[in-house]
Amino acid sequence: MELRYADFATRAVHAGRADFASLGVHAPPLDLSTTYPFTDLGVATDSLDTLVGGDATAPNPVYARLYNPTVGRFEEALAELEGAEEAVAFASGMAALTAVLMAVRQDGGHVVGVRPIYGTADHLISSGLLGLDVTWTEADAVAEAIRPDTSLVIIETPANPTLALVDIEAVVAQADDVPVLVDSTFATPVLQRPLAHGAALVLHSATKFLGGHGDVIAGVVATGEAWARRLRQVRVATGGLLHPLAAYLLHRGLPTLALRVERAQATAQALAERLASHERVASVHYPSLPGGDPHGLVGRQMAGPGSILAFEVVGGYEAATDVLRAVRLMTPAVSLGSTDTLIQHPAGLTHRVVDASDRKANGISDGLLRVSVGLEAAADLWADLAFALAAVGIGGDGRLGNAQGEVPLCRSVPRPSVIAD
Ligand SMILES: *Cc1c(COP(=O)(O)O)cnc(C)c1O
């Protein structure tokens, strides 16, 4: 699709709203119908045939597993923001990946993957659940891993949780005519548009930044018309649908996506710099820090380093546990891309399903913590982190005041600024 407006922010505000004027509405209508009455059986039959065959729309939607207009508007918006012909939304990021993998099975059962990727995605591909054979390799060795039955190359950039960046164009060149899927969840279309670099498919866990408020589980794939058709065929058959209310919330969040991503990124940059010089931090993973972008991709492939960072605490697992106990403003929780700052332990949670030896080989150590920076003020977040790092090794639960029964009502109760930062 031709990008109609030069500026992303403008498109994000207006995408997927083309029919509002004719409908006479200013917010997307939320259509919760499960079935759609027909007046003419012939029209309904033809509509059913075209939707089952993978068409995006039909004169009569027939049944909500085949089509929903609220979901359709979000898909149209996301496609525009990714510079894609089409987008297909699913119940979750994993449902979206499953649909892609089911579609590619018909082309051959071999997938090439570059680690690390999201833990459950790694597990889904490696486990044999979908009957796929996988070769895990390095980003610069993709060409050697391709076989005649290779039907997909899958990469994630920035990668979860190490923030390793993969050069999409270099992988596409090696993959030759094998389609490349990029999980671009960490980047969002604000910072990175993989299709412009030759990828065939862009996947988002829309649960993260696209939803942005921690209240929607969703997935979406932006791609060309032929792929979208195949994905809709799988979706109609398997039912991994995005609920219309979730689509409504996702669409509602798009106008503020660029603002949220840019603000969180500026804060992440400040935190990453301070962490890098902290005595209790062994290393910081963040693309714009020295060594974080060996291929020079920030500026070329990504508009900025993003708002996720990871750091290794001196003292390994015990120290990481102490930090998680001591934070009060940051929320210890998995997931990312929300308005509030989330901190979690990849080896113990998101990447627990990955074999310990594979985790280690890919830099997911026991002292690694991942932070998804939210929209709080940078100074407050730094005070929280500095306090938590100071609490390492002290023991107890690290929370001041608990001994007196003064359990904070809210994790964000301000604490006295006795902590040198
Ligand atoms: C969360 C996540 C997924 C999985 O998405 P769900 O919406 O949780 O199913 C896939 N890839 C990345 C990079 C993620 O962060």
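These numbers come from a predicted model, not from an experiment. (Residues numbered from 1 in each chain as written. Predicted model: local features only at pLDDT ≥ 70, side-chain atom pairs only at ≥ 80, totals over all residues. Heavy atoms only, no water.)

1. Focus on the overall build of the protein chain
Selection rule: What counts as a helix is a DSSP run of H or I of at least four residues, what counts as a strand is a run of E of at least two, and both are numbered from the N terminus. A 1.4 Å probe rolled over the protein chains alone gives each residue an accessible area, and that area as a share of the maximum for its type sets the label: buried under 20%, exposed over 50%, partly exposed in between. Residues are treated as being in contact if the distance between any of their heavy atoms lies within 4.5 Å. Exposure was quantified through the Shrake-Rupley algorithm and a 1.4 Å probe, taking into account, for residues, occlusion by the shown protein chains and nothing else. Neither His nor the chain ends is counted toward charge; the positive residues are Lys and Arg and the negative residues Asp and Glu. All charge positions are set by atom: Lys at NZ, Arg at CZ, Asp at CG, Glu at CD.
When you go through the protein chain residue by residue, the secondary structure sums to 15 helices and 12 strands. When the 421 residues of the protein chain are sorted by exposure, 53% land in the buried category. Across the protein chain, every contact between residues at least 6 apart in sequence was considered, and the portion connecting residues at least 24 apart equals 72%. Accessible surface, the protein chain: about 17400 Å² in total, of which carbon and sulfur atoms supply 55%. For the protein chain, the distance from the average site of its 29 positive side-chain charges to the average site of its 46 negative ones is 6 Å.

2. Quick word on a nonpolar patch on the surface
We count it as follows: Here the term patch refers to residues with relative accessible area over 30% and no salt bridge, with like charges joined within 9 Å and nonpolar side chains (Val, Leu, Ile, Met, Phe, Trp, Tyr) within 5 Å. Salt bridge, as used here: a side-chain nitrogen of Lys or Arg that lies within 4 Å of a carboxyl oxygen of Asp or Glu.
Together, Leu30, Leu32 and Leu245 give the surface a local cluster of nonpolar side chains, amounting to about 260 Å² of exposed area. Within the secondary structure, Leu30 is located in the loop between helix 2 (20–23) and helix 3 (41–52).

3. Considering the nonpolar core
Looking at soluble globular proteins, one finds that nonpolar side chains tend to be buried together. Defined as follows: Throughout, nonpolar core names a set of buried Ala, Val, Leu, Ile, Met, Phe, Trp, Tyr and Cys residues whose side chains join them through atoms within 4.5 Å. Each domain's extent is set by a domain assignment, obtained either automatically or from a database.
One finds Phe74, Val153, Ile155 and Leu242 to be the most contacted residues of the largest nonpolar core, which totals 56 residues. Broken down by element, the residue count for this core peaks at six residues, all from helix 4 (residues 69–82). When residues of this core are assigned to domains, at least three map to each of domain 1 (8–256) and domain 2 (258–412). Apart from the residues lying within four places of it in its own chain, the contact partners of Ile155 are Val114, Ile117, Val166, Ile168, Val171, Val180, Leu181, Val182 and Asp183. Judged by nonpolar contacts, the second largest core, of 31 residues, contains Ala272, Tyr286, Val313 and Leu369.

4. Regarding the site of the ligand
Condition: Being near a molecule or strand, for a residue, comes down to having at least one heavy atom within 4 Å of it. Identification of polar contacts relies on pairs of N or O atoms within 3.5 Å, with a donor-acceptor requirement for protein atoms, meaning one able to donate a hydrogen and the other able to accept it, and with residues adjacent in sequence counted only if both atoms are side-chain atoms. Each residue is assigned to one class: nonpolar for Ala, Val, Leu, Ile, Met, Phe, Trp, Tyr, Cys and Pro, charged for Asp, Glu, Lys and Arg, and polar for all the others, Gly among them.
Residues in contact with the ligand amount to 13 residues; listed here are only the nearest, Met94, Asp183, Ser205, Thr207 and Lys208. Here an oxygen atom of the ligand and a side-chain polar atom of Ser205 are 2.8 Å apart. A total of 380 Å² of accessible area belongs to the ligand in isolation, and the protein chains cover 93% of it. Counted by class, the shell around the ligand contains four nonpolar, six polar and three charged residues.

5. Some points on the sheet that holds strand 2 (residues 110–114)
Convention followed: Here, strands pair whenever DSSP counts at least two bridges between them. Lines fitted to the C-alpha atoms define the axes, with helices restricted to the stretch that makes contact. Angles between their N-to-C directions range from 0 to 180 degrees.
The strand order 1-7-6-5-4-2-3 describes an open sheet built from seven strands, whose pairing is mixed. Each of the sheet's edge strands pairs with one partner strand only, and the pair in question is strand 1 (86–90) and strand 3 (133–137). For this sheet the average axis-to-axis angle between neighbouring strands, irrespective of direction, equals 20°.

6. Some remarks on unusual backbone geometry
For residues other than glycine, phi is negative in most cases, and the peptide bonds are mostly trans. Cis geometry is adopted by the peptide bond preceding Pro158, which originates at Thr157 and carries an omega value of -10°. Within the secondary structure, Pro158 sits in the loop between strand 4 (150–156) and helix 8 (168–175). The omega angle of the peptide bond from Asn160 to Pro161 is 5°, so this bond is cis rather than trans. Assignment of secondary structure puts Pro161 in the loop between strand 4 and helix 8. Here the phi dihedral of Thr188 falls at roughly 65°; this positive angle occurs in a residue that is not glycine. With respect to the helices and strands, Thr188 occurs in helix 9 (residues 188–191). Residue Ser335 is not a glycine yet carries a positive backbone phi of 80°.

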